[in-house]
Amino acid sequence: MDYNWVKIAGSLPEGKELIARNTVAQLLVQGKRLYLANFDGGYYAGDARCPHAGGAMDKGWLNEKGQIVCPLHRFCFNLETGQNTDGEGFSVQTYPIRQLPDGFYIGFPVRKWWFW
Ligand code: FES
């Protein structure tokens, strides 16, 4: 998949993290409200609006399995795939985060449109 990479933060001093370890924060990028999660030093992002009923995923938390928990009805979602892990069948759009020497970037999928 192709991505448009958007810089969200500059590089950090050794040992510093974007947000505290094992927490979730709000991330605003290009008018999109997202969540940013730090699970054991790895960063994950996704849409802040829960696909179940619109709960604020950016106000959620991480459980012991490293899943993000929606605060409204406590459905859990895989940080990488966005799949709901309790079987309710919901999926939240996730976005990769990558760290380069000059900072952190989030990848938005490039949408391809085909016209006939
Ligand atoms: S709104 Fe997120 S679990 Fe219901």
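Overview of the structure. For clarity, every value in this text was computed on a predicted model and none was experimentally measured. (Residues numbered from 1 in each chain as written. Predicted model: local features only at pLDDT ≥ 70, side-chain atom pairs only at ≥ 80, totals over all residues. Heavy atoms only, no water.)

A closer look at the environment of Leu27
- Mapped onto the elements, Leu27 comes out in strand E2 (residues 23-29).
- Beyond its immediate stretch of four places on either side in the chain, Leu27 contacts Ile8, Lys32, Arg33, Leu34, Leu36 and Ile106. (Helix = DSSP H or I, 4+ residues; strand = E, 2+ residues; numbered from the N terminus. Contact = heavy atoms within 4.5 Å.)

Points about unusual backbone geometry
- We note that Asn22 has phi near 60°; this positive angle belongs to a residue other than glycine.
- By relative accessible area, which is 37% here, Asn22 ends up partly exposed.
- One non-glycine residue, Asp40, lies in positive phi territory at about 50°. (Buried < 20%, exposed > 50% of the residue type's maximum accessible area, 1.4 Å probe, protein only.)

Regarding the sheet that holds strand E9 (residues 97-100)
- What the three strands build is an open sheet, ordered E1-E10-E9; its pairing is antiparallel. Here the strands that pair on one side only, and so sit at the sheet edges, are strand E1 (3-10) and E9. Neighbour to neighbour, the strand axes of the sheet diverge by 30° on average, direction disregarded.
- Strand direction decides the pairing type here: E9 and strand E10 (residues 103-109), joined by four bridges, are antiparallel. Paired with Leu100 across the strands is Gly103, a residue of E10. (Pairing = 2+ DSSP bridges. Axes fitted to C-alpha atoms, helices over the stretch in contact; angles between N-to-C directions.)

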